[in-house]
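Chain by chain, the residues run as shown.
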Amino acid sequence: MFAGANSGCGKTSITCGVLQALVDRGMSIQAYKCGPDYIDPMLHSHITKGTCRNLDPFFSTGEDLRYLMAKDSAKVDFSVVEGVMGYYDGIGVSCEKSTYTVSVETKTPVILIFNVKGMSHTMIPLIKGMIEYQKNPVKGVILNRCSKGMFQMMKPEIEKALPVKVVGYFPPKEGIYIGSRHLGLMTAAEIQNLDEVLAVLGDTAREGIDLDAILAIGQEAAELPVVEKVIPEKKKARIAVAMDKAFCFYYQENLEILEEMGAELVPFSPVNDIKLPEDIGGIYLGGGYPETYRKELAENDSMRQAIRAAAEEGKPVFAECGGFMYACDHLIELDGSSEPMLGLIPTDVQMTSKLSMQFGYVTLTGQKDSSFIKKDEEIHVHEFHYSKAIKRGDQAVMTKSTGRKWEGLYVEGNVLAGYPHFYFHNCKEVARRFVDMAARF
């Protein structure tokens, strides 16, 4: 596991560099991302040509985390986990449900990444505090934004003072970091020179990081449980899943659970396709950036009509976050310009310049019985959006760890729509209801 002292320390750039370098060796790699993020897993998947899975201790128990890691790791040569935020940063300002939690629960050895620009000997107490704060599996350190000369001087000093191995460095060179300058709000598919950037990162990792030492540290990982293969139920429903530039945020676990419950998932593009796939029983509109493609979505009137007709027939529609924005009446930009959306939900969505204050990990509690969620049912979900709905819906109440609450989520007959991102591994009954409703068609 690659973890860091803070967000912005270089975790993603270095993780991608190491992934690329290991893939270039001809190794099969399974990648994981701690937390609820969608962007980094797309980068990982692009490099490994496999599916990156999220490991999130808010959504999953320790047993679940070990199961999720085991069922993929058994198929590959090596597994790499990228942490989220700072190593000990969890719910609220606590250490609970943090990257540290994932490392301890799965007994995965950790390599800490430190941005050491502007320091020399001060690295030692900084690293010492991180590794001694809790009993943890930290085994190595990478010095980011560190020159080769400084690395050669500091490596023996750190290893003499602390029980860790300094496995490498990344130099302070422009053009070798994946950050907001490269990504902004773009997904992997939207970065035109992504392969070029990844090739440079891979070269940099080979030059500055002892990959053999990383592989050796990985061999210290604890045994994971043996996972029996899940036999999917007999196919009973075709569900159309929106997958294109506007809608691309899906947890792999969600898709697999729908399939295990008998769904055949059929991808389609609300941006480019003029009609829905044939013989579908339901529609899954996941998260993404519909605001970026609002004109294309609005101008694709035949698709909007097709989705509305399917919903009017009674076919279930599951719309979360970006999908919720598409399901509303209108999407309104910062400048006040407005585009018509699906009109399945009686509200407009207004883009905002700042992150909504109604965000983060929350517990969703059903307010009343509905086709998807029952009264008093509690589900761990996640919200993160730069927009606000004029009306949020009253199907459920969201509660943060601080006790702060707000209403949200529409369930109008066969349509569920709201900002929360669901993780079906902790609410399989919601996925089951979705598939069963689709099976009727």
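See the structure printed just above.
Not measured: the values here are computed from a predicted model. Along each chain, residue indices are assigned from 1 in the same order as the chain's sequence is written. Only residues with pLDDT of at least 70 are given local features in this predicted model, and only at 80 or more are side-chain atom pairs given and counted; all residues enter the totals for whole chains, interfaces and linings. Side-chain metrics rest on all non-hydrogen atoms present in the structure, leaving aside hydrogens and water.

## Some points on the packing of aromatic side chains
Each pair of aromatic rings is reported with the distance of its centres and the angle of its planes.
Phase 1 of the analysis: The rule is short: rings of Phe, Tyr and Trp, with Trp giving its six-membered ring, pair when the centres are within 6.5 Å, and they are stacked under 30 degrees, edge-to-face over 60, tilted in between. Taken as a whole and assessed by the stated rule, the structure comprises 28 aromatic pairs.
Phase 2 of the analysis: An angle of 10° between the planes, with centres 4.9 Å apart, marks the rings of Phe-59 and Tyr-423 as stacked. Residue Phe-59 is located in the loop between β3 (53–55) and α3 (62–73), and its partner Tyr-423 is located in the loop between β23 (415–418) and α13 (428–439); the two are separated by 364 residues in the primary sequence. For the residue pair Phe-59 and Tyr-423, the accessibility class agrees, reading buried in each case.
Phase 3 of the analysis: Through pairs of rings, three or more aromatic residues link up here, namely Tyr-38, Phe-58, Phe-59, Phe-249, Tyr-251, Tyr-289, Tyr-361 and Tyr-423. The helix and strand labels rest on DSSP assignments: H or I over at least four residues marks a helix, E over at least two residues marks a strand, and numbering proceeds from the N terminus. Exposed residues in this analysis have more than 50% of their type's maximum accessible area, buried residues have under 20%, and partly exposed residues fall in between, with area computed by a 1.4 Å probe over protein chains only.

## Comments concerning helix α5 (residues 123–132)
Phase 1 of the analysis: Within α5, burial applies to Met-123, Ile-124, Ile-127, Met-130 and Ile-131. The buried side chains of α5 occupy one side of the element, clustering within an arc of 135° when seen end-on. To be clear, the arc concerns the directions from the helix axis to the C-beta atoms.

## Considerations on the nonpolar core
Phase 1 of the analysis: Each nonpolar core is a collection of buried residues, namely Ala, Val, Leu, Ile, Met, Phe, Trp, Tyr and Cys, held together in the definition by side-chain atoms within 4.5 Å. Counting residues in hydrophobic clusters, the biggest one holds 79 residues, and the most contacted among them are Leu-143 and Ile-158.
Phase 2 of the analysis: The element best represented in this core is helix α1 (residues 11–24), accounting for 6 residues.
Phase 3 of the analysis: Sequence-distant contacts of Leu-143, defined by excluding residues within four places in its chain, comprise Phe-114, Val-116, Met-123, Ile-127, Phe-151, Met-154, Ile-158, Val-166, Gly-168, Tyr-169 and Phe-170.
Phase 4 of the analysis: Judged by nonpolar contacts, the second largest core, of 70 residues, contains Val-241, Tyr-250, Ala-431 and Val-435. Note on definitions: a residue-residue contact is assigned when non-hydrogen atoms from the two residues lie within 4.5 Å.

## Quick notes on the pattern of salt bridges
Phase 1 of the analysis: Salt bridges are defined by distance alone: a side-chain nitrogen of Lys or Arg within 4 Å of a carboxyl oxygen of Asp or Glu. Per the counting criterion, the structure on display carries 28 salt bridges.
Phase 2 of the analysis: Where Arg-25 meets Asp-212, a salt bridge forms, and the shortest distance between an N and an O atom there is 3.0 Å. Of this pair, Arg-25 sits in the loop between α1 and β2 (29–34) while Asp-212 sits in helix α8 (residues 211–218), placing them 187 residues apart in sequence.
Phase 3 of the analysis: We classify Arg-25 as partly exposed; its relative accessible area is 43%.

Take it as geometry only, folks, not as evidence of what the structure does.
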